[in-house]
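This is what each chain is made of:
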Amino acid sequence: MRRLSVFSVSLAAALVAVWAQPASAVDKVDTAKLRDAVTVGGILGHERALQRIANQNDGTRASGTPGYAASANYVKTTMKAAGYTVKEQPFTFPFFRELAEPKLSQLTPTATDYETATFDYSGSGDVTGTVVPTKDVVIPPTAAPSSTSGCEAADFTPASATARQVALIQRGTCTFEVKAKNAVAAGYDAVIFFNEGTPGQPERNVLVTGTLGSIVTIPVVGLSFADGAALYAAAQAGPVTVRVVTSTEYVAKAATSNVIAETKGGDANKVLVVGAHLDSVPAGPGINDNGSGT
């Protein structure tokens, strides 16, 4: 039987192992020897090696970082030593990560610090400006999700050409990407999303965060429904000034690779493929997910 191992990444790296039986073998494959070869000690040995790599590379093995390159090199060296034929498949992908925790504060009329989160693909920036809600915020919220806040260009009052302004947008109906890009097109300097507040649906009331799908050039952060509704009410009563701070990194074509290892012998018509993603998330070493799978 022929064995192939592939460690690949498309924001995830995969290990694939393939075994091929001789053509004369019966169709039923006995995997006992393979399963017996997988031990806790063996798994932990590799996980410790991957953890050391993360420790030496700012705590991460994310694809597109030196930690991932070192992880791929570890896999190549290990598989070659075990007798495999190893090759790399290079490619590029859009890389994004948060470099520092965001900040969102109301400066006037009432000093308030909010719990917030950076949206994936948010731009970096430090913006102090006046809050301007979209025209179709639904407060109080309806029994079923119904807000279309920010889904159309007409939802936004055109931003000032001279003063900084921050769009306040309620979650609902269309994607965050559509809403954020409409805000950019309307001239806003930052975006605050707040949750929709649908009764009886906790996920529609907690601090909202998510992905914008593609890079947005301005800071984009989230709020819970309660905080967003309070900020909306304040903005309806008079001018509200906030400060939004994000720190992110974006590389449109970050370099990475798949690692593919295959046994030199066996039957190409009977192939067993085993895979795992090799990279971690930017925020951690990925020893549980997916160092264990690797």
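Located above this text is the structure these notes cover.
Here we summarise the structure given alongside this text. (Residues numbered from 1 in each chain as written. Predicted model: local features only at pLDDT ≥ 70, side-chain atom pairs only at ≥ 80, totals over all residues. Heavy atoms only, no water.)

A closer look at the side chain of Asp155
Relative to the helices and strands, Asp155 is located in the loop between strand S5 (125–133) and strand S6 (165–170). Although Asp155 is buried, it makes no salt bridge; Lys179 carries the closest opposite charge, 6.8 Å away. Not counting residues within four places of it along the chain, the set of residues in contact with Asp155 comprises Thr134, Lys135, Asp136, Thr148, Ser149 and Gly150. (Helix = DSSP H or I, 4+ residues; strand = E, 2+ residues; numbered from the N terminus. Buried < 20%, exposed > 50% of the residue type's maximum accessible area, 1.4 Å probe, protein only. Lys, Arg positive; Asp, Glu negative; His and termini not counted. Salt bridge = Lys/Arg side-chain N within 4 Å of Asp/Glu carboxyl O. Contact = heavy atoms within 4.5 Å.)

Concerning helix H4 (residues 176–185)
Among all positions of H4, only Phe176, Lys179, Ala180, Asn182 and Ala183 are buried. One face of H4 carries all of its buried residues, which in axial projection span an arc of 160°. Those residues of H4 that are buried are in contact with S6 and strand S7 (190–194). The positive-phi residue at the C-terminal boundary of H4 is Gly187, with phi of around 100°. (Arc of directions from axis to C-beta.)

Topic: the environment of Val132
The residue Val132 is located in strand S5 in this model. Residues Val132 and Ala167 lie 35 residues apart in sequence; the distance between their C-alpha atoms is 5.0 Å. Setting aside anything within four residues of it in sequence, one finds Val132 in contact with Thr157, Gln165, Val166, Ala167, Leu168 and Tyr188.

Digging into the pattern of salt bridges
Applying the stated rule across the entire model yields 5 salt bridges. Among the ionic pairs, Arg243 bridges to Asp126, the shortest N-O distance being 2.6 Å. Note that Arg243 is positioned in strand S9 (residues 241–262) and Asp126 in strand S5, a separation of 117 residues in sequence. Salt-bridge contacts for Arg204 lead to Glu196; the nearest nitrogen and oxygen are separated by 2.6 Å. The two residues Arg204 and Glu196 agree in class, both being buried.

Structural measurements only, silent on function.
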